[in-house]
There are 2 protein chains.
Amino acid sequence: MWSSDVNPAQPVEEPVAEPARQLPAATVSRLTLYLRTLNALLAEGAESVSSEALAESAGVGSANVRKDLSYLGSYGIRGVGYEVANLSRKIAQALGLTHEWRVAIVGAGNLGRALARYAGFESRGFDVVALLDADEMLVGTEIGWLRVSDVGNLEKVVSSTRANMVVLALPAAVAQSVCDRVVAAGVRSILSFAPVALSVPGNVNLRKVDMATELQILAYHAQRLQGAHLDEDLPGV
Amino acid sequence: MWSSDVNPAQPVEEPVAEPARQLPAATVSRLTLYLRTLNALLAEGAESVSSEALAESAGVGSANVRKDLSYLGSYGIRGVGYEVANLSRKIAQALGLTHEWRVAIVGAGNLGRALARYAGFESRGFDVVALLDADEMLVGTEIGWLRVSDVGNLEKVVSSTRANMVVLALPAAVAQSVCDRVVAAGVRSILSFAPVALSVPGNVNLRKVDMATELQILAYHAQRLQGAHLDEDLPGV
DNA sequence: TGATGTGAAGTTCTTCACAGCG
DNA sequence: CGCTGTGAAGAACTTCACATCA
């Protein structure tokens, strides 16, 4: 998704001297947008693309695109643009997409099922290898091409499928305890859709997506756009 | 959801002199987090809360919380903290949640159905008033407490339900054309889950959520965390 | 006393503007 | 000539540190 990046930074705790250069967070999220455009261009046989065109399709400025791409090295051709196939490869490499990612989805409710069948994962290199739930009625049933596993066997499932990413699609009430078990099972990358703040150790990556939060942010902008004269009586201004 | 802020800012086109004070985008997204915590505290009967506690539950610094809240005015009590009920009300007001939001969901596939039944919308003041799809097999069926409408009647449905927000949960291929019709129908706030860049007029608010993008961002961080020695052979450093 | 509120400093990200090069 | 690559300027956001006040 493309929430606006907007994940508040977690408090930094370990100033570990990472050897590799790190990309600005904002750049990383835009790189995923460029990559999508590049892959579409690749499919239609385009050879090269300008920073202007990439900017257009990502909704940012062209200088921003060039700056982002410059972090990866100088792969453009002056007077021409970027070679689509080459740039696509470089970005995929920078994002770590050459690694094999196996995703386990915990929670086979409406959202979990939607995610399990979401074509966008497969097509972008993420292999959904397991779907788990606590509901005995669901365990053992088939959803898409997966059989639902018992969340009680989480550790075994993670281990046997060698899942290295987990998506949490479950109620707020149980999210933290399941999250703890996922971490204990050795998974260090977690995407949570539970509408609650989760705490994880510093060496675990956690991203959060909350649909209701997105609507609230929309509401804020809508209210401003519409003149803010509809429902309140603020003094001043 | 809470993607990390990650919506790249759209290019500004109209330097309209809005009379009302506007909040920093980063502040708006954190306010939704504070609001969630406040409502939980309210439910358990807490009277007041400190910036430190709010910071803890949102994963940010306490100075950051105080600065954010100061944009809304001075509603804290020095030496004590913030009155939970009062602050909750102020934030809701600032976010425009006192307005009545009626949401139409376009696309009754897996994701659309999950969203239609997502309890988080109702509980946070967003009323799901319609669910539409192009598939004749789905039109007329009941999902949750809604009957699926034909997307061919989009304009009529928007008008009769007075929907003022739309969630797009449909394939990339048809997203832009449906989006155009939604805009033409007068809706100015759109949340899209389609994995494609949409273009809308400047007076329309569009937010995007892409699950695969979130996983890609996780992949980037995971790769760095794990030492980046697994799959590539970059020169230098 | 103790936590808020806030100028000022610091940091990060974006935009500008143009040199550089195919 | 045209578009990339990039230092420098600018804007936005975060953090600090402490005056302020219930």
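Residues numbered from 1 in each chain as written. Chains lettered and ligands numbered in written order. Predicted model: local features only at pLDDT ≥ 70, side-chain atom pairs only at ≥ 80, totals over all residues.

### Section: the protein's contact with DNA strand C
Put simply, the test is: In this analysis a residue is considered near a molecule or strand if the C-beta atom, reconstructed from its backbone, is found within 6 Å of that molecule or strand. A run of H or I in DSSP counts as a helix once it spans at least four residues, and a run of E counts as a strand once it spans at least two, with each numbered from the N terminus. Note on residue categories: nonpolar means Ala, Val, Leu, Ile, Met, Phe, Trp, Tyr, Cys or Pro, charged means Asp, Glu, Lys or Arg, and polar means any other residue, Gly included.
Taken together, 28 residues lie near DNA strand C, and P24, R78 and G79 of chain A together with G76 and G79 of chain B sit nearest. Listing elements by their share of the surface near DNA strand C, those giving two or more residues are α1 (25-43) and α3 (62-70) of chain A together with α2 (51-58), α3 (62-70) and β3 (81-83) of chain B. If one sorts the elements of the surface near DNA strand C by residue count, α3 of chain B sits on top with five residues. Considering only residue class, the surface near DNA strand C consists of 11 nonpolar, 11 polar and six charged.

### As for the sheet that holds strand β10 (residues 205-208) of chain A
Note the following rule: By the convention used here, strands pair only if DSSP detects at least 2 bridges between them. Residues are scored as being in contact if the C-beta atoms we place from backbone atoms lie within 7 Å. Geometry is summarised by axes, namely lines fitted to C-alpha atoms with helices restricted to the contacting stretch, and by angles between N-to-C directions that run from 0 to 180 degrees.
Pairing is mixed in the open sheet, where seven strands are placed in the order β6-β7-β5-β4-β8-β9-β10 (chain A). The open sheet has two free edges, formed respectively by β6 (142-143) and β10 of chain A, since each of these has just one partner strand. In terms of strand pairing, β6 of chain A meets strand β7 (residues 146-150) of chain A through two bridges, oriented antiparallel. Pairing of E142 of chain A across the sheet is with R147 of chain A, part of β7 of chain A. Of the strands in this sheet, β4 (101-106), β8 (165-168) and β9 (189-192) of chain A are in contact with helix α8 (residues 172-184) of chain A, which crosses β8 of chain A at around 175 degrees. Here helix α9 (residues 211-225) of chain B sits on the sheet and contacts β4, β5 (126-133), β8, β9 and β10 of chain A; the angle it forms with β10 of chain A, its principal contact strand, is near 165 degrees.

### Topic: the environment of A63 of chain A
Residues and elements named next belong to chain A. We apply this condition: To sort residues by exposure, count the other C-beta atoms lying within 10 Å of each residue's C-beta; 20 or more gives buried, 12 or fewer gives exposed, and values between give partly exposed, all with C-beta atoms placed from the backbone.
Considering the arrangement of structural elements, one finds A63 in helix α3. Residue class for A63 comes out exposed when judged on the 10 C-beta atoms lying within 10 Å of it. Put simply, A63 and S177 are 114 residues apart on the chain and 45 Å apart in space, counted from C-alpha to C-alpha.

### Digging into the UniProt feature "DNA-binding region" (unreviewed entry) in chain A
Stated precisely, the cut-off is as follows: UniProt positions are given in the numbering used here, feature names are shortened, and annotations may be inferred rather than shown by experiment.
UniProt's entry tags residues 33-72 of chain A with the feature "DNA-binding region" (unreviewed entry), counted in the numbering of this structure. For residues 33-72 of chain A, the end-to-end C-alpha separation is 15 Å, with 70% helix and 5% strand making up the annotated structure.

### Structural notes on the protein's contact with DNA strand D
Surrounding DNA strand D, one finds 27 residues, the nearest of these being G76 and G79 of chain A together with P24, R78 and G79 of chain B. At the level of elements, α2 (51-58), α3 and β3 (81-83) of chain A together with α1 (25-43) and α3 of chain B are the ones that each hand at least two residues to the surface near DNA strand D. Tallying contributions element by element places α3 of chain A first for the surface near DNA strand D, with five residues. By residue class, the composition of the surface near DNA strand D is 11 nonpolar, 10 polar and six charged.

### A closer look at the domain arrangement of chain A
Often the size quoted for an interface is simply the accessible area lost on bringing the parts together. Stated formally: Note that the domain bounds were set by an automatic or database domain assignment.
Structurally, chain A comprises domain 1 (25-95) and domain 2 (101-214). On a C-alpha basis, the centres of domain 1 of chain A and domain 2 of chain A stand 31 Å from each other.

### Structural notes on the UniProt feature "domain: CoA-binding" (unreviewed entry) in chain A
What UniProt calls "domain: CoA-binding" (unreviewed entry) maps, in this numbering, to residues 97-197 of chain A. Across residues 97-197 of chain A, helical content stands at 33% and strand content at 29%; the span's end C-alpha atoms are separated by 27 Å.

### A short note on the nonpolar core
Which entries qualify depends on this criterion: For this entry, the nonpolar core is defined as buried Ala, Val, Leu, Ile, Met, Phe, Trp, Tyr and Cys residues connected by C-beta atoms within 7 Å.
Judged by nonpolar contacts, the single largest core of 143 residues is most densely connected at L168 of chain A together with L168 of chain B. Leaving out residues up to four positions away in the same chain, L168 of chain B has contacts with V106, G107, A175, V178, C179, I190, S192, F193 and A194 of chain B.

### Structural notes on the environment of P195 of chain A
Positionally, P195 of chain A belongs in the loop between β9 and β10. Expressed as a C-alpha distance, the spacing of P195 of chain A and T213 of chain A, which sit 18 residues apart in the sequence, is 8.7 Å. When near neighbours in sequence (up to four residues on either side) are disregarded, P195 of chain A contacts A172, D210 and A212 of chain A together with R36 and G120 of chain B.

### A closer look at helix α7 (residues 154-161) of chain B
All names here are of chain B. As a reminder, the rule being used: What the arc measures is the spread of directions leading from the helix axis to the C-beta atoms.
Where α7 is concerned, the buried positions are L154, V157 and V158. Buried positions in α7, seen along its axis, are confined to an arc of 100 degrees and lie on one side of it. Residues K156, S159 and S160 are exposed on α7 and point more than 90 degrees away from its buried face. Its buried side turned inward, α7 meets β4 (101-106), β5 (126-133), β7 (146-150) and α8 (172-184). Within two residues after α7, R162 carries a phi angle of roughly 55 degrees, on the positive side.

### Overview of unusual backbone geometry
The phi angle at R162 of chain A is positive, at roughly 50 degrees, despite the residue not being glycine. With respect to the helices and strands, R162 of chain A occurs in the loop between α7 (154-161) and β8.

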